[in-house]
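Residue-level structural notes
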Amino acid sequence: KTFVEEDPDVVQFQIKRDGQWVHFSRKMVYDRARALAHKLSSDYGIGPGVNVALYAENSPEWCIAYLGINFTGATAAPMDAQYTDRELNNLVPLAETETLLGSDTLAENADWAALGVKNILGVDGAAGEGWFMDLPDAPADFEGQELPEEQVASLIFTSGTTGDPKCAMLTAGNYLSNADAVL
């Protein structure tokens, strides 16, 4: 929030689509992440102690979705866009998630309902029903949750080079320590 207030128009992300650069300012990223967090918390009860899967190709929207998950106080469980149905069948139950933020192009890679996923919102940039970038802004008084340093912020799955991928839990403190080391 502080970075947004200091310079809201700075380009945070950019991507080339249809031959044109699309820019995402700090303010836009923050506003879209807050809108998603508000939707997740108010409509789906997402908050601290809940894991939310993120299964989409690399894009600015992926990053915004990740921030939106963390703004609810929940834990993000990113899934590699190259995972096969076998890997998803192993990892989604490990993530213990009922909500998925996913891309339409990857949706057919698993039987999400059979894996316990009840809620799916789109993140792939194809506007349509359920696409979080079209959500209305969050109410002005919605602040979301700040993750305590000891809280798990992300479930990261190993590559599985010696077997099935395993889950590593990274706390908000882990991320802050990494950020401090490079700043």
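Heads up: these notes are all about the structure in this document. (Residues numbered from 1 in each chain as written. Predicted model: local features only at pLDDT ≥ 70, side-chain atom pairs only at ≥ 80, totals over all residues. Heavy atoms only, no water.)

Reported here for the largest pocket is a volume of approximately 1,300 Å³. When residues of the lining of the largest pocket are traced back to their parent elements, those giving at least two are helix H1 (2-6), strand E1 (11-17), helix H2 (26-44), helix H3 (60-71) and helix H5 (172-182). The greatest single-element share of the lining of the largest pocket, amounting to six residues, is contributed by H3. Residues of the lining of the largest pocket, tallied by class, amount to 18 nonpolar, four polar and five charged. (1 Å grid on protein atoms, 1.4 Å probe; cavity = no way out; pocket = protein on both sides within 12 Å on 5 of 7 lines; lining within 4 Å. Points joined across faces, edges and corners; volume = space filled by probe spheres on them. Helix = DSSP H or I, 4+ residues; strand = E, 2+ residues; numbered from the N terminus. Nonpolar A, V, L, I, M, F, W, Y, C, P; charged D, E, K, R; others polar.)

Core analysis: the largest hydrophobic core is formed by 23 residues, its most contacted members being Leu-36, Leu-54, Ile-64, Ala-65, Ile-69, Leu-101 and Phe-132. Sorting the residues of this core by element identifies H2, strand E3 (51-55) and H3 as the ones contributing at least two each. Setting aside residues up to four positions removed in sequence, Leu-54 forms contacts with Trp-62, Ala-65, Tyr-66, Ile-69, Ala-77, Pro-78, Met-79, Leu-100 and Leu-101. Counting residues in hydrophobic clusters, the runner-up holds 17 residues, among them Ala-77, Leu-91, Ala-110 and Leu-115. (Core = buried A, V, L, I, M, F, W, Y, C linked by side-chain atoms within 4.5 Å. Buried < 20%, exposed > 50% of the residue type's maximum accessible area, 1.4 Å probe, protein only. Contact = heavy atoms within 4.5 Å.)

Take the pattern of salt bridges next. Counting across every chain of the model gives five salt bridges. A salt bridge links Arg-17 to Glu-61; its shortest N-O distance comes to 2.6 Å. Remark: Glu-61 occurs in helix H3 and Arg-17 occurs in strand E1; sequence separation between them is 44 residues. The exposure class of Glu-61 is buried, given its relative accessible area of 2%. (Salt bridge = Lys/Arg side-chain N within 4 Å of Asp/Glu carboxyl O.)

Bringing the side chain of Gln-151 into the picture now. Relative to the elements of secondary structure, Gln-151 occurs in the loop between strand E6 (119-122) and strand E7 (152-157). Classification of Gln-151 by relative accessible area gives buried; the value is 17%. Those residues within four positions of Gln-151 in sequence are excluded, and the remaining contacts are Pro-48, Gly-73, Ala-74, Thr-75, Leu-170, Thr-171 and Ala-172.

So, about the state of the cysteines. Counted according to the given criterion, the structure contains zero disulfides. Not engaged in a disulfide, the cysteine Cys-63 finds its nearest cysteine sulfur in Cys-167; these two sulfurs lie 20 Å apart. Taking relative accessible area as the criterion, Cys-167 reaches 36% and is therefore assigned partly exposed. (Disulfide = S-S within 2.5 Å.)

Below, the discussion takes up H2. If you check H2, its first and last C-alpha atoms are 26 Å apart, about what 19 residues at 1.5 Å a residue would give, namely 27 Å. Within the sequence span of H2, burial applies to Arg-26, Val-29, Tyr-30, Asp-31, Arg-32, Ala-33, Arg-34, Ala-35, Leu-36, Ala-37 and Leu-40. Looking at the buried positions of H2, the neighbouring elements they touch are H1, E1, strand E2 (20-25), H3, strand E5 (97-102) and E6. Residue Gly-45 follows H2 closely and has a positive phi angle near 70 degrees. (Expected span 1.5 Å × (residues − 1).)

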